[in-house]
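Below, each chain spelled out in residue letters.
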Amino acid sequence: MKKIINDPDTVVQDALRGMQAAHSDLLTVHYDPAVVVRADTPVRGKVAIISGGGSGHEPLHGGFVGRGMLDAACPGPVFTSPTSDQVVDAVSRTDGGAGALLIVKNYTGDVLNFEMAAELAESEVRSVVIDDDVAVKDSLFTAGRRGVGGTVLLEKIVGAAAERGADLAACEALALRVIASVRSMGLALTACTVPHVGSPSFELADDEMEIGIGIHGEPGRQKVKAGTAAEMVSALLDPILEDLPFASGDRVLLFTNGMGGTPLLELYLAHGIAEQLLADRGITVERRLVGPYITSLEMQGMSLTLLRLDEEMVGLWDAPVHTPALRWGV
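Residues numbered from 1 in each chain as written. Predicted model: local features only at pLDDT ≥ 70, side-chain atom pairs only at ≥ 80, totals over all residues. Heavy atoms only, no water.

(A) Local environment of the pairing of strand 5 (residues 100-105). Taking burial as the measure, the six residues of strand 5 include six buried ones, the bulk of the element. Burial of the side chains of strand 5 extends over both faces: A100, L102 and V104 are buried on one face and L101, I103 and K105 on the other. Bridge count between strand 3 (residues 48-55) and strand 5: three bridges; the pairing is parallel. Considered in strand 5, the bridge of A48 is made with A100. (Buried < 20%, exposed > 50% of the residue type's maximum accessible area, 1.4 Å probe, protein only. Helix = DSSP H or I, 4+ residues; strand = E, 2+ residues; numbered from the N terminus. Pairing = 2+ DSSP bridges.)

(B) Structural view of the sheet that holds strand 4 (residues 72-78). Ordered in space as 1-2-4-3-5-6, the six strands form an open sheet in which the pairing is mixed. Here the strands that pair on one side only, and so sit at the sheet edges, are strand 1 (27-31) and strand 6 (125-130). Geometrically, the sheet is characterised by an average inter-axis angle of 20° between neighbouring strands, direction not taken into account. In this structure, strand 3 lies alongside strand 4, joined through six bridges in parallel fashion. Along strand 4, the bridge assignment pairs I50 with A72. Against the sheet, helix 3 (residues 108-120) engages strand 3, strand 5 and strand 6, with an angle of about 165° to strand 5. Together, strand 2 (34-38), strand 3, strand 5 and strand 6 form the strand contacts of helix 4 (residues 150-163), whose direction differs from that of strand 5 by roughly 175°. (Axes fitted to C-alpha atoms, helices over the stretch in contact; angles between N-to-C directions. Contact = heavy atoms within 4.5 Å.)

(C) Region of interest: the layout of surface pockets. Estimated volume of the largest pocket: approximately 550 Å³. In terms of lining, the largest pocket is formed by 27 residues, of which the most central are A15, S55, G56, E58 and L297. The set of elements that each furnish at least two residues to the lining of the largest pocket consists of helix 1 (11-22), strand 3 and strand 4. For the lining of the largest pocket, the element with the highest residue contribution is helix 1, accounting for five residues. Partitioning the lining of the largest pocket into residue classes produces 16 nonpolar, eight polar and three charged. Estimated volume of the second largest pocket: approximately 270 Å³. (1 Å grid on protein atoms, 1.4 Å probe; cavity = no way out; pocket = protein on both sides within 12 Å on 5 of 7 lines; lining within 4 Å. Points joined across faces, edges and corners; volume = space filled by probe spheres on them. Nonpolar A, V, L, I, M, F, W, Y, C, P; charged D, E, K, R; others polar.)

(D) Highlighting the sheet that holds strand 12 (residues 301-308). The sheet built from six strands is open, its strands ordered 9-8-7-12-10-11 with mixed pairing. For this open sheet the edge positions go to strand 9 (222-225) and strand 11 (284-291), each flanked by a neighbour on one side alone. The mean inter-strand angle of the sheet, taken between neighbouring strand axes irrespective of direction, is 20°. Pairing between strand 10 (residues 251-258) and strand 12: seven bridges, direction antiparallel. Following the sheet pairing, L253 is matched in strand 12 by L307. The strands touched by helix 5 (residues 168-181) are strand 7 (182-188) and strand 12; relative to strand 7, the strand with the most contacts, the crossing angle is about 50°. Here helix 8 (residues 311-318) sits on the sheet in contact with strand 10, strand 11 and strand 12, set at roughly 35° to strand 11.

If you want it as structure tokens, here you go:
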């Protein structure tokens, strides 16, 4: 195993120190428990938007802490849920008097620990669970569908609403609307290696790919021979379109995501194919995001996410954001 680390046992803490050094204008890192918060938190009168999950998916979630997105992120060990104590601490540090909304990916540990934190926190706290992965109904980590790429879009849109002054009930209702309108699916060309494990999380032959893989390396729908980029995009897009379902006349945001080891050259190639396939179906891509924004360490692969848009979502997506990973309108 070759990785740019010192000690597998301290890799998350070491990375957080580097994040603090690189982005001290945007965020502050606390270490006991580990919580990443906005540099200007708490923002008085603002609903705090909080998320988190296992490390190894960077820039999710700490890279999205900042104005217009998250007030705090709780980083767990690699591919492991943060504790309820971390979430309670995040709520306490970001409490501006308007309550907090927890955005939770649908993994059993995340759901349990965030729910416990919501009960223990002294502030008014509500939570929503995102489950946008169409690949499976259940997996090794979940009861129900997994939360994947749609999380990035959810955090941006709800974060913008909170920044504009939406109250807790409005933020929750908006989040539920986004969750109902977003679908994702991914594939892997190679496995990733968790630092403290030291070996690949699954096996793939040189000519194989796993369709419907999870962001922790969970098995997908099927293992098949690797095909062309067009075949790969179709294998992801067709199940997504059928699931909601999406239809001619829909306006969408298309998010083409890299899993950590995929060059942008290949992501843009895939994105262009997806745009053409959607145009052929009469679906209008009004907004786009391309890049490695919810990763699985060094896995080669990609995921596609489609969000059916309405006017409010478009306006909130376009709103200014200033985080380590996303910056526009500032």
